[in-house]
Protein chains: 2
Amino acid sequence: MNNDWNALISELKSGSIRALSRLVTRVENREPGWMEAMKEIFPETGKARLIGITGAPGSGKSTLTNRIARTLVEKGFDIGIIAVDPSSPFSGGALLGDRLRMRDVSNVEGVYVRSMATRGALGGLNQSARDVVKIMEAFGKDFIIIETVGVGQDEIDVIKIADMVMVVLVPGQGDAIQAIKAGIMEIADVFVVNKADREGADQVVIDIEAMLNLDIDSDAPKPPVLRTIALDGEGVPELVEKILAPPNPTHRQEDFMKERVKEELIGLVEKEIVGLIKDRWNENNGLERAVRDVLSHERDPYSIAQEIIAPLVPLLKKN
Amino acid sequence: MNNDWNALISELKSGSIRALSRLVTRVENREPGWMEAMKEIFPETGKARLIGITGAPGSGKSTLTNRIARTLVEKGFDIGIIAVDPSSPFSGGALLGDRLRMRDVSNVEGVYVRSMATRGALGGLNQSARDVVKIMEAFGKDFIIIETVGVGQDEIDVIKIADMVMVVLVPGQGDAIQAIKAGIMEIADVFVVNKADREGADQVVIDIEAMLNLDIDSDAPKPPVLRTIALDGEGVPELVEKILAPPNPTHRQEDFMKERVKEELIGLVEKEIVGLIKDRWNENNGLERAVRDVLSHERDPYSIAQEIIAPLVPLLKKN
């Protein structure tokens, strides 16, 4: 690993926010040496509690995240926020990147906010999020909040790396129903009915509880349903209490941790191999030729794929 | 390839719906021989026009799809519908699988409807959709409608395999804004303002047109904005006209086709290799041990990934 990385890592460990930002960017961009850097950082990881916050757009998640972050900072904790923004499939950029500017906590001492686009991450959104989490942990963050806008599959996947997931719903948008459709009910450890002063808040609570009671097979404790008004902070202390409560060890904890690591390992191997294959395939315009052959129907994509894999098969089968 | 597959394929080509269903299921499940079957089918593919329909839940996409399918059938075409359903991240199943039962076209002669979950597809959602499209083409479908609920990233990705994408919006839900956030504005070839008899329909049209005019850099023709009332069929003939119009060859066509094939090739190779790696890794509990080592912080995931890839690197670098 070159000196550059080493210097950044030691600055990171001594609390440099600039080093934190740079490391995240360089690792996100998969700059040469990123894996060695992550190896160096690894012993310092696994210390923070990861809180996921998700819900429909407009549910007040960002305001809630800000409130929670402020409250935790007041209690002496160091906070990282990863704001996952939906991104355009074509431009590749985050569409809400300027959320950063709107955050009242982004200049608060003890809070570091990082935006991340749902696509375009070279290592995949989940791995990028995992990398950022580790770098924030090595920096010394105690709590890392992963906030996602919307309820798409990618966002559900990324929120699953959190230790505790809050699902935010608001009255009057049929959100509870949307949440079921998107499969986010099952990943909730806490439900938050935000904008609880609005008409229909009681109905949302009733809807959630009704849905939770449908799951009669499960012995797991039902996730609590809390009410908040994020704008004026009402209900936030109770929410922070849940965050500070010791994790319930019986609740999916161990299997969940194993699954998370397994996914990370397979994901890392996958990305690396695919990268190598693409590199090799792009040499001599091999991929371009293959594309032309498929378009002209001279060859089929399945045979081509098998041909590419063929030399690797004996190696993979042997061991 | 065994006789079983051969028999199914020849039944498929002679128009057996039962064979169509079975082939789709067996290919989706990646049953041994699936690749050989797809090779066999490949020469019969590339004939249908793929229409993507997307939009927020509740926008009336299914009703619209039904109307379009019926109209096309009346004109003598054979129609396939792929209904992509959001699915639970835990159960792995489609949540709206029973949409099939609600479809008034699922029993119409000349229409074949297939539901597909956003996750759980062994080959990935996109590849599964591509496979189903090919099997439907080999059966003789003239138009294949890919309908997705919601606007998640996965769904945007799958809709991108279509030749023509319709984005359905409805008045009164701030849908246009949501659509931009989710990045679906840019993939639209046609905008449909459904439930156009509702208050606010004019505003939706104005919003869409305003957004389209923001994109002053582009020389591409602006996608048309049509109004429909899917429930009583109003506006559907105009929409079907757009579907039947010859594709505009200047509009992204060629690059788009190449990109689509490239993605498919890389995806196929990726899935195959990852499958092989997982198989090998699961032997002797290698993966389990690796997970334990990471959890106990004895080893880091990056070193483990590199170790797994190491034997393949010389082979991949050589050629």
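Everything quoted here is computed from the prediction, not taken from an experiment. (Residues numbered from 1 in each chain as written. Chains lettered and ligands numbered in written order. Predicted model: local features only at pLDDT ≥ 70, side-chain atom pairs only at ≥ 80, totals over all residues. Heavy atoms only, no water.)

## Quick look at the pairing of strand S3 (residues 111-117) of chain A
Residues and elements named next belong to chain A. S3 sits mainly inside the fold: 7 of its 7 residues count as buried. Burial along S3 is two-sided: Val111, Val113, Ser115 and Ala117 facing one way and Tyr112, Arg114 and Met116 facing the other are all buried. The sheet contact formed by strand S2 (residues 79-85) and S3 spans 7 bridges and is parallel. Bridge pairing in S3 links Ile82 to Arg114. (Buried < 20%, exposed > 50% of the residue type's maximum accessible area, 1.4 Å probe, protein only. Helix = DSSP H or I, 4+ residues; strand = E, 2+ residues; numbered from the N terminus. Pairing = 2+ DSSP bridges.)

## Quick notes on the pattern of salt bridges
Oppositely charged side chains can pair when the atoms bearing their charge come close. Residue and element names in this part refer to chain A. Applying the stated criterion across every chain, the model contains 30 salt bridges over all chains. The salt bridge partner of Arg30 is Asp131, with a shortest N-O separation of 2.9 Å. On the criterion of sequence distance, the pair formed by Arg30 in the loop between helix H2 (17-28) and helix H3 (34-41) and Asp131 in helix H6 (residues 125-139) is long-range, its members being 101 residues apart. For Asp131, a relative accessible area of 1% puts it in the buried group. (Salt bridge = Lys/Arg side-chain N within 4 Å of Asp/Glu carboxyl O.)

## As for unusual backbone geometry
Residues other than glycine seldom take positive phi values, yet His297 of chain A does so here, at roughly 65°. Of note, His297 of chain A is situated in the loop between helix H12 (286-295) and helix H13 (301-309).

## Describing the confidence of the model for chain A
For chain A, mean pLDDT is 83; residues scoring 70 or higher make up 82% of the total. In this model, residues 88-101 of chain A is a region of pLDDT below 50 whose contacts with residues beyond four sequence positions or in other chains number 43 contacts. (pLDDT = per-residue confidence, 0-100. Contact = heavy atoms within 4.5 Å.)

## Points about the side chain of Glu270 of chain A
You can see Glu270 of chain A is positioned in helix H11 (residues 253-282). Despite its burial, Glu270 of chain A pairs with no opposite charge, the nearest such side chain being Lys271 of chain B at 5.2 Å. (Lys, Arg positive; Asp, Glu negative; His and termini not counted.)

## Here we look at a negative patch on the surface
Taken together, the side chains of Asp197, Asp232, Glu234, Glu238 and Glu241 of chain A make up a negatively charged region of the molecular surface. Tracing the backbone through its elements, the reader meets Asp232 of chain A in the loop between strand S7 (225-227) and helix H10 (236-244). (Patch = residues over 30% accessible without salt bridge, like charges linked within 9 Å, V, L, I, M, F, W, Y side chains within 5 Å. Areas by Shrake-Rupley, 256 points an atom, 1.4 Å probe, with all protein chains shown as cover. Charge placed at Lys NZ, Arg CZ, Asp CG, Glu CD.)

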